[in-house]
Structure formats: structure tokens, C-alpha cells
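A look at the structure
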Amino acid sequence: LSDADSPKSEGEPVDGATQEVGLQEEVIASPLDGEAVELSKVNDPVFSSEAMGKGIAVKPSGNTVYSPVNGTVQIAFETGHAYGLKSDNGAEVLIHVGIDTVSMNGTGFDQKVAANQTVKVGDVLGTFDSAKIAEAGLDDTTMVIITNTADYSEVKPLAAGQLAHGADLLELNK
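Our subject in this report is the structure included herewith. Residue indices follow the written sequence of each chain, beginning from 1 at its first position. Totals for whole chains, interfaces and linings use all residues, but because this is a predicted model, local features are given only for residues with pLDDT of at least 70 and pairs of side-chain atoms are given and counted only at 80 or more. For the side-chain quantities, the full set of heavy atoms in the structure was used; hydrogens and water were omitted.

1. Focus on the pairing of strand β2 (residues 34–37)
The following threshold applies: A pair of strands is considered paired only if DSSP assigns at least 2 bridges between the two. Here a helix means four or more residues in a row that DSSP labels H or I, a strand means two or more in a row labelled E, and each is numbered from the N terminus.
In the sheet, β2 pairs with strand β3 (residues 54–60) via four bridges, with the strands oriented antiparallel. Of the residues in β3, the one forming a bridge with Val 37 is Ala 57. Here three bridges tie β2 to strand β13 (residues 161–163), and the two strands are oriented antiparallel to one another. Within β13, the position partnered with Gly 34 by the bridge is Leu 163.

So, in C-alpha cells, the structure goes:
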């Protein structure tokens, strides 16, 4: 190997890394159409306190959740309200549709992927019915959390205001 500063090809471990995939800087795309919301303004202390990791929220204007990364589905909750993905570059991304929506037991959610499935940016992960979420007295604000935040020097929100799925949402720096 040449010096440690030499560029690494995608998926090649970085010297000294403990992950199976070397962590790389990357940009996470928005998994939804909607309006960007600061995580600190989300009405759920688990997310607003960044206890799960740093990230951003999106108040959806559509009803489809798209993959924000090229990678693998690690967890697809049976209830369809949340997805855990690992990007090809090592980011661990939790997409949690709505606040306390696990209580809906899958009503109003249609999951389209399964664990261990490979996804690309823009692939449909699932759909949800905002009206049913509202009928249940819940908020459909969707959190996008980097659960391995500690592996990065910075998780920086890039979006503000209205955005479309696929737009740059978060920048992860090593």
C-alpha cells in the first residue's frame, strides 16, 4: 500500500478501520418530498435530543419513502414505519416515518423492501398514508438519523425549506 492519504476505491477498507467497509465522506439524499425541519424542533425527545444520532427531519408533502443511499436494507420494520439502511460508504441511516407511528401496527403503511435487500438512491422503500397518521392523532414528520454519528467528525444538514426526494440532505465528514 502507498501512503495512508492515497484515495481508496469504493468499499476498500481504510487502514485501521474496524468496519467491514471503509467509512467515506458522503452526501445523504432526501428520502422524501417535503420541507426540511431541524431535528431540534421535532416533537420527540429521543430524536430532538440527538440520542439516536444527528440528522434532520422532513415534513412530507408526498407519501413515498425513497432510498437516500446506495447500500443495503439492514432493518425493514414489519409495521412499515421505519427503515435502517447501511450505505456502501459505511453510513448507517435510520428513516423513521412519523412520531410514535409504531403504535399504528402497520395501518397506513406499505413496506416495499426486506432486510438484506440491495437498494440504490431513489428506489422505493415504502409508502404511507398521511391522512391515516393524522386520524391516529400522530405527526408524519419523518426523521433521517445517522445512527453511527460517532464515526464522523461532522453530520451537517444541507437542506432548508422545500425539497424533493433525491435532493442533498446531509453531508457526512470523516
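The structure having been displayed, the exposition proceeds.
2. Some thoughts on the side chain of Asn 173
Under the convention used in this document: Polar contact is defined as a pair of N or O atoms within 3.5 Å, subject to the rule that within protein one atom must be able to donate a hydrogen and the other to accept it, and that residues adjacent in sequence are counted only when both atoms are side-chain atoms. Whether two residues are in contact is decided by their heavy atoms, any of which lying within 4.5 Å being enough.
Note that Asn 173 resides in strand β14 (residues 168–173). Only 2.8 Å separates the side chain of Asn 173 from the side chain of Glu 154, close enough to count as a polar contact. In contact with Asn 173, other than residues within four places in its own chain, are Glu 25, Tyr 152, Ser 153 and Glu 154.

3. Focus: the environment of Glu 78
The topology assignment puts Glu 78 in the loop between β5 (71–76) and β6 (82–87). When the C-alpha atoms of Glu 78 and Asn 105 are compared, they prove to be 8.3 Å apart, with 27 residues separating the residues in sequence.

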